[in-house]
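# Breakdown of the fold
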Amino acid sequence: MKLLFTVIIPTYNRAALLRQALRSLELQTFNDYEAFVIDDGSTDETPRVFSEFSDQRKWNFIRLEKNHGQFYCRNLAIKKSKGKYITFLDSDDLWLPERLQKFAELIDKNPNAGFIFSNGYIMQDGIIIGKFFKENRKIPKGKLPPYMAISNYWLPYVTTNVAFVREAIDKVGYFREDMSHLEDMELYVRILRYYEVDYIPEPLSVYRIHPLTKDPKSLTLKWEKGIEDFLTALQTAQPPEEIRNLLKEYVYYQSGSCNGKKCLREVSKEIFKRNKI
């Protein structure tokens with residue numbers, strides 16, 4: 001009998017956080033799943049953490065000799081997967097014990113949903129600071145335009161809170177390996193072309209926010225790459241011009257954060273202008 005879920009956990013030099021993430025997977029109340037935990041060339045004690053969970057028969061541990069990036073690890077696991085649905089647990093995040101159970105209940109209730117997500121808690125510096133959305137927020141569901149997967153304007157998801165039907169990969173392809181920031185968003189745009197969306201308003205995960213960097217120059221470079229990936233996702237979605245403009249305004253122009261002498265919104269405008277957008 002086919003498993004319901006394949007859980008994919010890429011990790012790189014996060015041994016201590018990985019241990020907590022795997023413990024949260026171990027505590028799941030729903031057991032109809034397999035897991036792939038991929039060490040993406042770590043140089044810390046990640047192999048030792050693997051050994052601590054070696055008695056988990058449905059967990060597959062894979063160690064890569066060099067770092068390839070999480071998109072590569074996710075694609076590798078998907079190719080080996082046997083679950084009907086693919087779902088992700090980032091190695092620095094946590095699942096609440098009923099995370100898989102609640103997803104399974106939604107799938108049973110709405111088998112037409114090929115892309116589902118849940119609410120989640122947001123944690124910074126060890127403190128829960130909020131949720132991704134209010135439980136009473138009116139979020140669109142059903143068959144939606146693909147562009148609704150871009151940003152959290154319509155669908156407030158992060159990949160740790162997502163599951164999608166495995167057969168979608170056969171239709172739309174894998175994560176792009178030429179993107180470094182928003183390859184998940186770009187894939188979900190493609191999935192929404194064919195599959196319905198549903199969601200769970202209850203928080204079922206804990207998502208960690210980390211400081212990006214103390215080097216303003218590095219932050220600028222990361223931000224610019226993020227904009228490039230956003231433009232790639234827009235190109236995939238091909239939204240109407242008014243939606244394209246709305247997304248640009250929502251995602252970038254309203255950013256009030258400043259990076260050194262140059263505000264991020266100014267960096268965004270420069271990149272849009274350079275790309276004639």
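Before going into details, it helps to say that this report is about the structure given with it.

## A look at the overall build of the protein
A count of helices and strands for the protein gives 9 helices and 11 strands. The proportion of buried residues among the 277 residues of the protein is 52%. Sequence-distant contacts, at least 24 apart, represent 76% of the contacts inside the protein between residues at least 6 apart. Total accessible area on the protein is roughly 13,700 Å²; 49% of this is exposed by carbon and sulfur atoms.

## Quick look at unusual backbone geometry
Despite not being glycine, aspartate 125 has its phi angle at roughly 55°, a positive value. In this structure, glutamine 238 takes a positive phi of about 50° despite not being glycine. The topology assignment puts glutamine 238 in the loop between α7 (216-237) and α8 (241-253).

## With respect to the pairing of strand β2 (residues 33-40)
Every other side chain in a regular strand lies on the same face of the sheet, so the side chains alternate between the two faces. Within β2, 8 of the 8 residues are buried, which leaves it mostly tucked inside the rest of the structure. The two faces of β2 match: Tyr33, Ala35, Val37 and Asp39 on one face and Glu34, Phe36, Ile38 and Asp40 on the other face are all buried. As judged from the 7 bridges shared by strand β1 (residues 5-11) and β2, these two strands associate in the parallel manner. Looking across to β2, one finds that isoleucine 8 is bridged to phenylalanine 36. Between the parallel pair β1 and β2, the chain is carried across by helix α1 (residues 15-26), and the sense of this crossover is right-handed. Of the pairings in the sheet, the one linking β2 to strand β3 (residues 59-64) comprises 6 bridges and is parallel in character. Opposite aspartate 39, over in β3, you have arginine 63 as the bridge partner. Assessed by its sense of winding, the connection that carries the chain from β2 through helix α2 (residues 46-52) to β3 is right-handed.

## Structural notes on the environment of valine 206
Relative to the assigned elements, valine 206 resides in strand β9 (residues 196-209). C-alpha separation for the pair valine 206 and glycine 130, spaced 76 residues apart in sequence, amounts to 10.0 Å. In this structure valine 206 touches Asp93, Leu94, Leu96, Tyr121, Met123 and Ile128, once residues within four positions along its chain are discounted.

Basis of the calculations
- Residues numbered from 1 in each chain as written.
- Predicted model: local features only at pLDDT ≥ 70, side-chain atom pairs only at ≥ 80, totals over all residues.
- Heavy atoms only, no water.
- Helix = DSSP H or I, 4+ residues; strand = E, 2+ residues; numbered from the N terminus.
- Buried < 20%, exposed > 50% of the residue type's maximum accessible area, 1.4 Å probe, protein only.
- Contact = heavy atoms within 4.5 Å.
- Areas by Shrake-Rupley, 256 points an atom, 1.4 Å probe, with all protein chains shown as cover.
- Pairing = 2+ DSSP bridges.
- Right-handed = clockwise from strand over helix to strand, strands pointing away.

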